[in-house]
Amino acid sequence: MPELPEVETTCRGIAPHLIGQRIIKPVVRHPRLRWPVPPELINILPGRVVTSVTRRSKYLLIDTDRGTLILHLGMSGSLRVLPSHTSPGKHDHFDLALESGQCLRLTDPRRFGAVLWTTDPLETHPLLNRLGPEPLGAEFSGDYLHAASRSRKVAVKTLLMDSHVVVGVGNIYANEALHLAHIHPLRLAHRIGKSHYDQLAKAVVTVLEQAITAGGTTLRDFSGVDGRPGYFKQQLRVYGRAGQPCHDCSAPISLLRLSGRATYFCPGCQRQ
DNA sequence: CCGGACGCCTGTCGGC
DNA sequence: TGCCGACAGGCGTCCG
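Parameters at a glance
Residues numbered from 1 in each chain as written. Chains lettered and ligands numbered in written order. Predicted model: local features only at pLDDT ≥ 70, side-chain atom pairs only at ≥ 80, totals over all residues. Heavy atoms only, no water. Phe/Tyr/Trp six-rings, centres within 6.5 Å; stacked < 30°, edge-to-face > 60°. Helix = DSSP H or I, 4+ residues; strand = E, 2+ residues; numbered from the N terminus. Buried < 20%, exposed > 50% of the residue type's maximum accessible area, 1.4 Å probe, protein only. Core = buried A, V, L, I, M, F, W, Y, C linked by side-chain atoms within 4.5 Å. Contact = heavy atoms within 4.5 Å. Pairing = 2+ DSSP bridges. Near = heavy atom within 4 Å. Nonpolar A, V, L, I, M, F, W, Y, C, P; charged D, E, K, R; others polar. Salt bridge = Lys/Arg side-chain N within 4 Å of Asp/Glu carboxyl O.

A.B. asks: Quick question: what am I supposed to make of the packing of aromatic side chains here?
C.D. replies: To describe a pair of aromatic rings, you give the distance between the ring centres and the angle between the ring planes. Across all of its chains, the model carries three aromatic pairs by this definition. Ring centres 5.9 Å apart and planes at 45° place the aromatic pair Tyr 173 and Phe 232 in the tilted group. In this pair, Tyr 173 is assigned in helix α5 (residues 171-180) and Phe 232 in the loop between α6 (194-213) and β9 (254-258), connecting sequence segments 59 residues apart. We note that Tyr 173, like Phe 232, is buried.

A.B. asks: Could you clarify how one ought to interpret the nonpolar core in this entry?
C.D. replies: Burial of nonpolar side chains together is a common tendency in soluble globular proteins. Membership of the largest hydrophobic core comes to 37 residues, with the highest contact counts inside it found for Leu 160, Tyr 173, Tyr 197, Leu 200 and Val 204. Residue assignment for this core shows that the elements contributing at least two residues are α4 (156-160), α5, α6 and β10 (261-265). With eight residues, the single largest contributor to this core is α6. Beyond its immediate chain neighbours, meaning those up to four positions away, Tyr 173 contacts Glu 3, Pro 5, Glu 6, Val 207, Leu 208, Ala 211, Gly 216, Thr 217 and Phe 232. If you look at the next biggest cluster of nonpolar residues, it comprises 27 residues, including Val 7, Ile 14, Val 50 and Leu 73.

A.B. asks: Any chance you could explain the pairing of β9 here in plain terms?
C.D. replies: Note on strand geometry: in a regular strand, side chains alternate between the two faces of the sheet. The sheet contact formed by β9 and β10 spans five bridges and is antiparallel. Residue Leu 258 lies in a different strand from β10, and its bridge partner there is Arg 261.

A.B. asks: Is there a simple way to explain the protein's contact with DNA strand B in this structure?
C.D. replies: Around DNA strand B lies a shell formed by Arg 32, Arg 34, Lys 90, His 91, Pro 109, Arg 110, Arg 111, Phe 112, Arg 152, Lys 153, Val 154 and Arg 220. A per-class count over the surface near DNA strand B returns three nonpolar, one polar and eight charged.

A.B. asks: For this particular structure, what's the right way to read the pattern of salt bridges?
C.D. replies: Charged atoms that come close allow side chains of opposite charge to pair. In this structure the tally under the stated criterion is 14 salt bridges. Among the salt bridges present, the one from Asp 95 reaches Arg 105, with a minimum N-O distance of 2.9 Å. You can see Asp 95 sitting in strand β6 (residues 92-98) and its partner Arg 105 sitting in strand β7 (residues 102-107), a full 10 residues away along the chain. In terms of burial, Asp 95 and Arg 105 fall into one category: buried. The partner of Asp 198 in a salt bridge is Lys 194, with the nearest N and O atoms 2.7 Å apart. On the criterion of helical spacing, the pair formed by Asp 198 and Lys 194 is a turn pair, its members being four residues apart in helix α6. One salt-bridge network, held together by shared partners, links Glu 8, Arg 12, Arg 55, Arg 56 and Glu 134.

By themselves, these observations are geometric and do not establish any function.
If you want it as structure tokens, here you go:
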């Protein structure tokens, strides 16, 4: 599912439809997502006004005058803005009906997504308070990665996908960034030097920014707020390309499994 | 503390 | 055509 570029695309897409809107009511069709949808939303949300829509990691934060709605898209989730009367499909589990006559609709076949509510400061929320820095923020750099990796005896790809180290980098973009940086995904994190981490940090930023520009990557489920897919799939360097030639050196892309996740790399460009 | 496996769900695809 | 296992963009929890 959605990694940072897809969530960012969603955030930018829904924000103008939500900000300043008064919420009529939530519609909970399937309360059993990753965690139960809080039943009290039925009483709390009507009448609330959306004050901002932001993203932290892969969480969407819909701030209101009385608290914050936290949405996560899991593996297969997407959000659309539709006329409120649009009849729901099988996997349309949650709506936020707005005064504008439109609704924000969560579709999520696998139901790994989440709809949560908090009135506490976000930095204290258990899902948010241990997250690493944003990869597109000022804190993230080669220096940072180098420092964060010194005691980590894991594969560098595993480090990159650890949300306590840096958020938003999932399986697709970890594979892509390592290829762009010419680093083998199995190299041990603590044995990689600073200059390589400089390259890696730059590659992460480049890949994520290019993916956001393309509206994200659609493999199957993901769509933007208008229902259109993301177009970054056409620019993927290694992900899903096992056996196909590397665009840089023509060697066939290799596939292995790391912590159960498909790991693609070029044996020519990314030496162990 | 650290690393790795598991489980939550449904849909799709390839092999037989 | 049907069945069955493997696999899919995430991530908290548990266990050694």
